[in-house]
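The primary structure of each chain is shown beneath.
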Amino acid sequence: MQLTQLHEQTWVIQGGANIGVIAQEGRCLIIDSGMDKDAGRDILNQVKKLGLTPTSLLITHAHADHFGGAHYLVRQTGLKVYATRVEAAVMSGPILEPLYLFSGAQPPRELQHKFLLAKPCLVDSVLEGNEQAIDHIPLQVISLPGHSIEQVGVAFGDTLFVGDAFLTPEILDKHRIPFYTDVQAGLTTLTTLKTRMASFKHIVAGHGEIYTSTERANGAIDYTVERLERILEHIRVALADGEARTVAELLRTVANAQGAKIEALSQYVLYNTTVQSAVSTLYAWGEIHPFFQDNFLAWQRTR
Ligand SMILES: [Zn+2]
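Residues numbered from 1 in each chain as written. Predicted model: local features only at pLDDT ≥ 70, side-chain atom pairs only at ≥ 80, totals over all residues. Heavy atoms only, no water.

J.: For this particular structure, what's the right way to read the environment of T191?
T.: Inspection of the secondary structure puts T191 in helix α7 (residues 183–196). For T191 and D222, which are 31 residues apart along the polypeptide, the C-alpha to C-alpha distance reads 9.1 Å. (Helix = DSSP H or I, 4+ residues; strand = E, 2+ residues; numbered from the N terminus.)

J.: Help me understand the side chain of Q300, please; the structure alone is not making it clear to me.
T.: Tracing the backbone shows Q300 in strand β16 (residues 296–301). Polar contacts involving the side chain of Q300 include one to the main-chain carbonyl oxygen of G242, which spans 2.9 Å. Once residues within four sequence positions are removed from consideration, Q300 is found in contact with L239, G242, E243, A244, E287, I288, H289 and F291. (Polar contact = N/O pair within 3.5 Å; in protein donor to acceptor, adjacent residues only side chain to side chain. Contact = heavy atoms within 4.5 Å.)

J.: What should I look at first to understand helix α3 (residues 70–77) in this one?
T.: Every α-helical turn comprises 3.6 residues, leaving residues that sit three or four positions apart pointing alike. Considered for burial, the residues of α3 that qualify are A70, Y72 and L73. Projected down its long axis, α3 carries its buried residues within an arc of 160 degrees, all on one side. Those residues of α3 that are buried lie in contact with α1 (37–49), β5 (53–58) and α2 (64–67). Residue G78 follows α3 closely and has a positive phi angle near 70 degrees. (Buried < 20%, exposed > 50% of the residue type's maximum accessible area, 1.4 Å probe, protein only. Arc of directions from axis to C-beta.)

J.: Can you help me understand the nonpolar core in this one?
T.: Considering soluble globular proteins, one finds that nonpolar side chains tend to be buried as a cluster. Ranked by internal contacts, the top residues of the largest apolar core, which has 41 residues, are L160, V162, F166, L190, L193, I203 and I235. At the level of elements, α7, α8 (214–238), α9 (247–257) and α10 (265–284) are the ones that each hand at least two residues to this core. Considering each element in turn, this core owes the most residues, 9 residues, to α8. Sequence-distant contacts of I235, defined by excluding residues within four places in its chain, comprise L250, V254, V275, A278, V279 and L282. Counting residues in each nonpolar core, the second largest holds 28 residues, with V21, A62, F67 and Y72 among its members. (Core = buried A, V, L, I, M, F, W, Y, C linked by side-chain atoms within 4.5 Å.)

Take a look at the structure:
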């Protein structure tokens, strides 16, 4: 893991996920914890090298690659953990992540690997998503729903940590279909982020490069927005002939159009959530409606 100093009191540890460190009078707040015990151990070593005592941990959202190391960090240091209510629920019962991905049914073993199922971690303090300080460190917690239902980011000095609110173009091109539980909220979040971006010097997404220019970060946001809008458009086009189609059919259409090749159950359920959420968004906007035919749930354009 690579340590980069952004400001007098701010660092990023770059590994599988980008971990934030904010120092205050010899102690520090850690933002996200990586995927597992190994990530937790690396974070702890880096923080110790800086001569800091970790006293608090904020989890931006409860995906295993962001909170999996929390169990270890808590056990080693006793630091206090902060997260929003729904994310905290998943952290305390991590089976919820593969469970919701498999429609609330017992998830098959392929969905119970460490990328989707982390060790549990209890949250000490539930965040509302608008806090002005954590552990007496003056900062701003910012609500960033979309990628995850109650994701938050952190603004501190000239640095903005945004979790997985947007993906870098390289990562987006690799994943093809970004994971979103709420496309509508995600689009609103990205628009809001763009208006706030100018006041920060460093923008740290959950994965990939650290942005030191507003233009580049805005470019990455635009790229994510474009991808989400393209997914909505693929669905509109697929339903343009007035026929009703199932989510499974729409998922195939979107995946083909995005050049994705689905070969694993985990990949399928992640894509499926985004397409379900795009369908939900178009329904909320009055563009499509559910339609039952031969015991199929299908979706049809509303004229
Ligand atoms: Zn995530």
